[in-house]
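# Descriptive analysis of the structure
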Amino acid sequence: MTAVETPVDLFAVTGEERERAEAHARFAAAEAARIPDLPAGTPLRPVRSVAVIGAGTMGGGIAMALANIGIPVTLVDSDAQGLERGLARVKDNYAGSVARGKLSAQDMERRLALVHGSLRIEDVAAADLVIEAVFEDLALKQQIFRRLDALARPGAILATNTSGLDIDEIAAVTNRPQDVVGAHFFSPAHVMKLLEVVRAARTAPDVISTLMDLGRRMGKVAVLARVYPGFIGNALFRNYTREAHFLVEDGALPHEVDAVLRKFGYAMGIFAVHDMAGNDVGYQTRKAQMATRPTDRRWNDLILKLCDLGRLGQKSGKGWYRYEPGDRTPHRDPELEDFIVAESARMGIVRQPMSEEEILKRCLYGMINEGAKLLELGVAQRPSDIDITYLTGYGFPAHHGGPMFLADRVGLDRVLADIRRLHARYGDWWQPAPLLERLVREGRSFTDLQSAAA
Ligand SMILES: NC(=O)c1ccc[n+]([C@@H]2O[C@H](COP(=O)([O-])OP(=O)(O)OC[C@H]3O[C@@H](n4cnc5c(N)ncnc54)[C@H](O)[C@@H]3O)[C@@H](O)[C@H]2O)c1
């Protein structure tokens, strides 16, 4: 540590730093494909045809991503209307691309001819790969995998698009856990560049290599993760949203948090994102978790309360913001702000003014700390995999190079000092990651860690 500390501007980067961040992103995208512990020359399994189970938001997008590279897809849904809606959405999406001049009418017809709907799960029998994308419900997914185990041909890969459920528990209901893997696409799946490939405890090497290769063929960056709640991306994202919500209870208003995130470079702030996605996403899961969650720490249920007030987001005209009919521009809503201030008072929190820097640190440093935990657990292979996950799947501003790259720019000693300060003040969520402490003790960075591993 130098005697005179030069403050780091978290918000701005120099031209040179921007170039370094861009070079890092290119490196990270290439590096993600490397899996050192797969036996050299691991073969690929053939993927000549795919069945996608669940024709909802994700299933339809996944079917398009496959049809786009010439792979025939059977899109299966148990609900006739669900299937019809799913197929119509695929058609509409392609028609939209044709209308915008991005796709020829001929190519649209070719791709549409590759997507077949079915109401019979028995139709998975011919597929080399099955991708399950039904509701996020472990019991339902297990039920589907029991059927797949009975119906799919031997050697078929059985993938789940779960956003974070325990894939080992899904694999365990089959007699072929070696064929089970996570294929976590992002919405819209035919557009988003990220594919998290999740290896479960018993996933076979050639299943991993086949999924990684399929991701590349679809024009995506495939990042390998291990089973962990939320894998890489959503594990960090939990930390990001948690702090944003605590900030609102502690003294900042949603538009202030969002303004800081936009100033940092995000296209949208987190509260505007919630309103766009719908505050009721995950409502049932959150409600169900309330009974069993650890009591040694603080929780935040504002988003559930907003739903109970009918503030679902853009679709109901109000959420964290208020919306004029037919317009997606978020406006501050005094009613919501009064509600937040009253909630703080009800919880006995004395609201404090929050500086822009403090808002940003609380949103980012929890992600960095979690990233260090994932590296230690081996959930992520390397720091740059976390960065590329964030750059391609979560809208992290490109000029900052990803959360781990940003941590190195700031200096891990400074990041850790803030995490310790936040830990002392806010408690358990901020427990410093042992790996971060070790790196600081040794005077090393995430880049050093990565070079050593390579
Ligand atoms: N929406 C997202 O942004 C997103 C992103 C990444 C991952 N995921 C995950 O993808 C999965 C699907 O999410 P979604 O948003 O597409 O859901 P969705 O509600 O849009 O679609 C689910 C579809 O599954 C069908 N289905 C339900 N039970 C079925 C069964 N037994 N057999 C066949 N089909 C059945 C439903 O009829 C529905 O059409 C979930 O596990 C979710 O966590 C979602």
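Note that the structure is predicted; figures quoted are calculated from it, not measured. Starting from 1, residues in each chain are numbered consecutively following that chain's sequence as written. Residue-level local features of this predicted model are given only where pLDDT is at least 70; pairs of side-chain atoms are given and counted only at 80 or more, and the full residue set underlies all totals for whole chains, interfaces and linings.

## Structural notes on the overall build of the protein chain
Helix and strand content of the protein chain: 19 helices and eight strands. With C-alpha atoms as the basis for the radius of gyration, the globule rule is written as 2.2 Å multiplied by the number of residues raised to the power 0.38. Against the 2.2 N^0.38 benchmark of 22 Å for 454 residues, the protein chain shows a C-alpha radius of gyration of 23 Å, consistent with a compact globule. The burial tally for the protein chain puts 42% of its 454 residues in the buried class. Whether two residues are in contact depends on their C-beta atoms, placed from the backbone: they are in contact if these lie within 7 Å. Taking as baseline every contact in the protein chain between residues at least 6 positions apart, the subset at least 24 positions apart corresponds to 70%. The helix count covers DSSP runs of H or I at least four residues long, the strand count covers runs of E at least two residues long, and both are numbered beginning at the N terminus. Whether a residue is buried, exposed or partly exposed is read from the other C-beta atoms within 10 Å of its own C-beta, which are placed from the backbone; 20 or more gives buried, 12 or fewer gives exposed, and intermediate counts give partly exposed.

## Quick notes on the sheet that holds strand 5 (residues 157–160)
Any two strands with at least two DSSP bridges between them are considered paired. With respect to topology, eight strands assemble into an open sheet ordered 3-2-1-4-5-6-7-8, the strand pairing being mixed. Of all the strands in the sheet, the pair left with one neighbour each is strand 3 (115–118) and strand 8 (221–226). Each strand axis lies, on average, 25 degrees off the axis of its neighbour in the sheet, ignoring direction. When strand 2 (residues 73–76) meets strand 3, the two strands line up parallel, connected through four bridges. Within the sheet, the bridge partner assigned to Val76 lies in strand 3 and is Ser118. In this description, a line fitted to the C-alpha atoms serves as the axis of each element, helices being fitted only across the stretch in contact, and the angle between N-to-C directions of two axes falls anywhere from 0 to 180 degrees. In this fold helix 2 (residues 57–67) packs onto strand 1 (50–53), strand 2, strand 3, strand 4 (129–132) and strand 6 (180–185), with an angle of close to 175 degrees to the strand it touches most, strand 2.

## As for unusual backbone geometry
Residue Pro188 follows Ser187 across a cis peptide bond; omega there is -5 degrees. Mapped onto the elements of the fold, Pro188 is located in the loop between strand 6 and strand 7 (194–199). Positive phi, normally seen in glycine, also occurs at Phe231, with a value near 50 degrees. Mapped onto the elements, Phe231 comes out in the loop between strand 8 and helix 8 (233–250). Phe231 sits in the buried class, given 26 other C-beta atoms within 10 Å.

## Some details on helix 19 (residues 446–453)
Along helix 19, the residues classified as buried are Phe446, Leu449 and Gln450. Down the axis of helix 19, the sector holding all buried residues measures 95 degrees, keeping them to one side. Every exposed residue of helix 19 that faces more than 90 degrees away from the buried side is listed here: Ser451 and Ala452. Check the buried side of helix 19 and you find it contacts helix 15 (383–393), helix 16 (403–410) and helix 18 (434–441). It is the directions from the helix axis to the C-beta atoms that the arc portrays.

## Some details on the domain arrangement of the protein chain
Where each domain starts and ends follows an automatic or database-derived domain assignment. By domain assignment, the protein chain separates into domain 1 (15–30 + 355–453), domain 2 (50–226) and domain 3 (244–259 + 270–346). Listed by partner, the interface residues are six residues for domain 1 and eight residues for domain 3. The residue makeup of the side of domain 1 that touches domain 3, split by class, is three nonpolar, one polar and two charged. Under the grouping applied here, Gly and all other residues not named as nonpolar or charged are polar, the nonpolar ones being Ala, Val, Leu, Ile, Met, Phe, Trp, Tyr, Cys and Pro and the charged ones Asp, Glu, Lys and Arg.

## Comments concerning the packing of helix 9 (residues 254–264) against helix 14 (residues 356–377)
Following both chains from N to C, one finds helix 9 and helix 14 inclined at 80 degrees, their axes separated by 9 Å at the closest point. Our classification of the angle between helix 9 and helix 14 gives roughly perpendicular. Only Glu356, Ile359, Leu360 and Cys363 of helix 14 make contact with helix 9, whose side of the interface consists of Glu256, Val257, Val260, Leu261, Lys263 and Phe264. Tallied by class, residues from the contact of helix 9 with helix 14 come to seven nonpolar, no polar and three charged. Should an angle fall under 35 degrees it is taken as roughly parallel, and over 145 as roughly antiparallel, whereas 65 to 115 is taken as roughly perpendicular and any remaining angle as oblique.

## Thoughts on the packing of helix 8 against helix 14
With their axes 8 Å apart at the nearest point, helix 8 and helix 14 run at an angle of 155 degrees to one another. In terms of axis orientation, helix 8 runs roughly antiparallel to helix 14. Once helix 8 is placed against helix 14, the crossing between them reads as right-handed. Across the interface between the two elements, Ala235, Leu236, Asn239, Tyr240, Arg242, Glu243, Ala244 and Leu247 from helix 8 touch Ile359, Arg362, Cys363, Gly366, Met367, Glu370, Gly371 and Leu374 from helix 14. Here the contact of helix 8 with helix 14 is composed, by residue class, of nine nonpolar, three polar and four charged. When the near helix sits turned anticlockwise from the far one by under a right angle, the crossing is termed left-handed; a clockwise turn instead gives a right-handed crossing.

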